[in-house]
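Spelled out, the chains give:
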Amino acid sequence: MKGRNPEAGMQHTLRIMLCLIKLPRVFSINQVPKSCFCLKSSLGNTCYCVFHEDSIISGYRHPRSSAIDCILSLFQMTNETLNIWTHFLPTWYFLWKLVTVVLMQWVWQDPFTWPLVVFLLSCCIYPLVSSCAHTFSTMSAQARHICFFFDYGALSFYSLGSAIVYYAYIFPDKWVNGVLHQCYIPIALLNTIFCTILACYTRLGFPFLHYNNDAVKRMPASPKFSKLLRVIAFAFPYAFDNIPLFYRVFLCEGEGCTDNETIILHYQHIALAFLTSFLFASHLPERLAPGSFDYIGHSHQLFHVCAIVGTHFQMQAIEQDMVTRRSWLSANSIPITFANSLGTALLCVVVNLIIILLFSLPLLSAPKCQESKYSQGPRKTSTNLCPCY
């Protein structure tokens with residue numbers, strides 16, 4: 001009798017295991033309830049629309065998915081799959097860069113590298129939090145809002161990380177030690193706090209006011225206005241953070257302009273930053289052909305890719321400026337201290353977590369919605385599919 005082939009046996013076992021793993025169902029837009037989030041007030045219960053995406057017709061996950069279903073959905077094609085992987089995989093690249101800096105440059109004994117550490121840490125956090133938010137946002141409507149509160153907080157922390165590293169390495173020579181340079185970090189920190197508050201506000205308004213009081217009209221009044229406010233929330237800190245860079249790249253002439261070989265990298269980063277903003281605000285190309293880009297090629301995926309590539313060029317420019325300008329900056333610029341680098345970053349994290357907690361607490365105590373099991377066939381969208389209790 002011939003012996004069994006061990007390799008064939010392993011393949012058979014693997015096939016059995018894959019058969020036992022049942023991937024979650026994927027739904028079209030007319031199978032997903034439009035209203036799945038209920039808030040109780042003295043005047044009654046109100047449900048809000050949270051699960052439909054503009055011009056995305058198919059590829060939706062169940063809006064009450066379990067954590068396991070959310071994780072399994074990473075390995076099937078949904079309209080969120082590439083949103084998750086386009087940020088999860090680059091996280092490890094930025095983490096490798098951070099570990100390289102920490103291990104190779106003796107950062108704790110060298111304050112000049114602390115701003116770079118803060119920036120690289122923010123580069124690790126924002127894509128990781130984003131990928132987690134997209135992964136688990138379909139566990140419930142409450143979870144969706146809270147996931148994206150964390151996403152907004154991570155993005156605002158990234159804006160502060162950029163400000164700290166610009167303060168240390170990017171300012172043109174003629175602006176070093178000037179009024180803007182001295183006030184730059186406190187203003188950037190305030191902008192970051194403003195960014196987190198306004199971005200969280202655009203989802204449901206203010207906690208303990210708009211959440212639970214139907215007599216007060218919930219602001220923002222429309223999804224379009226919410227999107228506009230959200231764009232402003234992130235565009236304003238970006239515009240302020242880049243004032244010294246824009247001046248150095250586009251306006252400065254003559255001596256003290258720090259015109260070196262990093263300029264081309266700054267140009268590439270700025271171009272990708274504007275492309276990223278355009279994709280986020282425009283919903284192109286899916287708006288031109290709804291349903292054609294549900295799984296691959298819609299604006300949020302392109303937004304993620306452009307953001308990561310832009311961050312890569314930004315990181316390269318910062319590292320190059322740090323190396324080439326170190327001697328001059330060490331002799332002429334404001335010294336790097338714990339207060340204007342690691343301390344500011346730590347304060348930002350604490351304040352952002354408090355803001356997210358304040359926006360999240362009412363959601364954690366809000367009444368849940370009763371949802372029936374999805375049938376195999378399509379169903380009409382209704383705003384009454386989500387009764388509250």
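Refer to the preceding data block for the structure.
What counts as what
Residues numbered from 1 in each chain as written. Predicted model: local features only at pLDDT ≥ 70, side-chain atom pairs only at ≥ 80, totals over all residues. Heavy atoms only, no water. Disulfide = S-S within 2.5 Å. Core = buried A, V, L, I, M, F, W, Y, C linked by side-chain atoms within 4.5 Å. Buried < 20%, exposed > 50% of the residue type's maximum accessible area, 1.4 Å probe, protein only. Helix = DSSP H or I, 4+ residues; strand = E, 2+ residues; numbered from the N terminus. Contact = heavy atoms within 4.5 Å. Salt bridge = Lys/Arg side-chain N within 4 Å of Asp/Glu carboxyl O.

(A) Summary view of the state of the cysteines. What the rule picks out here adds up to one disulfide. Paired through a disulfide, cysteine 252 and cysteine 257 show a sulfur-sulfur distance of 2.0 Å. With the S-S bond torsion at -80 degrees, the cross-link from cysteine 252 to cysteine 257 turns out left-handed.

(B) Fine view of the nonpolar core. Ranked by internal contacts, the top residues of the largest apolar core, which has 47 residues, are Leu116, Phe119, Leu120, Tyr166, Tyr169, Tyr184 and Ile318. Of all the secondary structure elements, the ones that give two or more residues to this core are helix H3 (81–104), helix H4 (114–136), helix H5 (141–169), helix H6 (179–204), helix H8 (243–251), helix H9 (263–282), helix H10 (299–332) and helix H11 (342–364). Ranked by residue count, the leading element in this core is H5, at 11 residues. Not counting the four nearest positions on each side in its chain, leucine 116 is found in contact with Val101, Val165, Tyr169, Ile318, Glu319 and Met322. Counting residues in each nonpolar core, the second largest holds 18 residues, with Cys200, Tyr201, Leu229 and Leu363 among its members.

(C) Spotlight on the environment of glycine 343. Relative to the assigned elements, glycine 343 resides in helix H11. Among the residues examined, glycine 343 registers a relative accessible area of 15% and is labelled buried. Taking the C-alpha atoms as reference points, glycine 343 and valine 118, 225 residues apart in sequence, are found 9.9 Å from one another.

(D) Spatial organisation of the pattern of salt bridges. A complete count under the given rule lists five salt bridges for this structure. For glutamate 53, the salt bridge goes to arginine 144, with nearest N and O atoms at 2.5 Å. With glutamate 53 in the loop between strand E2 (44–49) and helix H2 (67–72) and arginine 144 in helix H5, this pair connects stretches of sequence that are 91 residues apart. Residue glutamate 53 is classed as partly exposed on the basis of its relative accessible area, which comes to 34%. The exposure class assigned to arginine 144 is buried, which follows from its relative accessible area of 5%. The salt bridge involving arginine 326 is made with aspartate 110; its shortest N-O contact spans 2.8 Å. You can see arginine 326 sitting in helix H10 and its partner aspartate 110 sitting in the loop between H3 and H4, a full 216 residues away along the chain. For arginine 326, a relative accessible area of 31% puts it in the partly exposed group.

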